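Residue-level structural notes
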Amino acid sequence: DGRIRHEYHSGVVEFGPRMTDDLARHDESLLAPSIEAPTFVAHGELDEAVPLASSEEFVARLRTRKRLLVVPGGDHRLHEPIEAILAAARAFHAW
C-alpha cells in the first residue's frame, strides 16, 4: 500500500504514501548550499534511522560556518546526552 514501516527499540513509525512521495520530490543535497546561517548538526553515533554518512555529506555541502557533533552512543532521538548537545550548540552559536 506504499507505506514504509520502521521498527525501533521503543516503537514503530509508519510513513504513508503522501510522505514518501514528498520525500521523493525533494533532493536534500540541494538544500545545504542554499543555507546561509551558521549551522550546528548533532547526529547520534548509533542512529538507527539516518546513516551518519547522510549528516556528514550534508554538512560537507554547507557553505557557511558549520559543525557536526557526532554524539557517542547517541540514538536518533538523542535523549540521553541532551545537556552536552545543548552546551555544544550554545558554544557554537556564541562565536
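Check the entry above for the structure.
Scope of this entry: the structure provided in the associated data block.

In this section: a negative patch on the surface. Where like charges cluster on the molecular surface, the negative patch consists of Asp27, Glu28, Glu56 and Glu57. By secondary structure assignment, the location of glutamate 28 is in the loop between helix 1 (17-25) and strand 3 (39-44).

In this structure, strand 3 lies alongside strand 4 (residues 66-71), joined through six bridges in parallel fashion. Bridge pairing in strand 4 places histidine 43 opposite valine 70. Once the chain exits strand 3 it traverses helix 2 (residues 52-61) before rejoining the sheet at strand 4, and the crossover so formed is right-handed.

For helix 3 (residues 82-93), built from twelve residues, the straight-helix expectation of 16 Å at 1.5 Å per residue is met to within 8% by its first-to-last C-alpha distance of 16 Å. Inspection of helix 3 places Ile85, Ala88, Ala89 and Phe92 among the buried residues, and these make up the whole buried set. The arc enclosing the buried residues of helix 3, seen along the axis, measures out at 100°, which places them on a common side. Opposite the packed face of helix 3, turned more than 90 degrees from it, sit the exposed residues Glu83, Arg90 and Ala91. Each element contacted by the buried residues of helix 3 is listed here: strand 3 and strand 4.

Cut-off values and rules
- Residues numbered from 1 in each chain as written.
- Predicted model: local features only at pLDDT ≥ 70, side-chain atom pairs only at ≥ 80, totals over all residues.
- Heavy atoms only, no water.
- Patch = residues over 30% accessible without salt bridge, like charges linked within 9 Å, V, L, I, M, F, W, Y side chains within 5 Å.
- Areas by Shrake-Rupley, 256 points an atom, 1.4 Å probe, with all protein chains shown as cover.
- Salt bridge = Lys/Arg side-chain N within 4 Å of Asp/Glu carboxyl O.
- Lys, Arg positive; Asp, Glu negative; His and termini not counted.
- Charge placed at Lys NZ, Arg CZ, Asp CG, Glu CD.
- Helix = DSSP H or I, 4+ residues; strand = E, 2+ residues; numbered from the N terminus.
- Pairing = 2+ DSSP bridges.
- Right-handed = clockwise from strand over helix to strand, strands pointing away.
- Expected span 1.5 Å × (residues − 1).
- Buried < 20%, exposed > 50% of the residue type's maximum accessible area, 1.4 Å probe, protein only.
- Arc of directions from axis to C-beta.
- Contact = heavy atoms within 4.5 Å.

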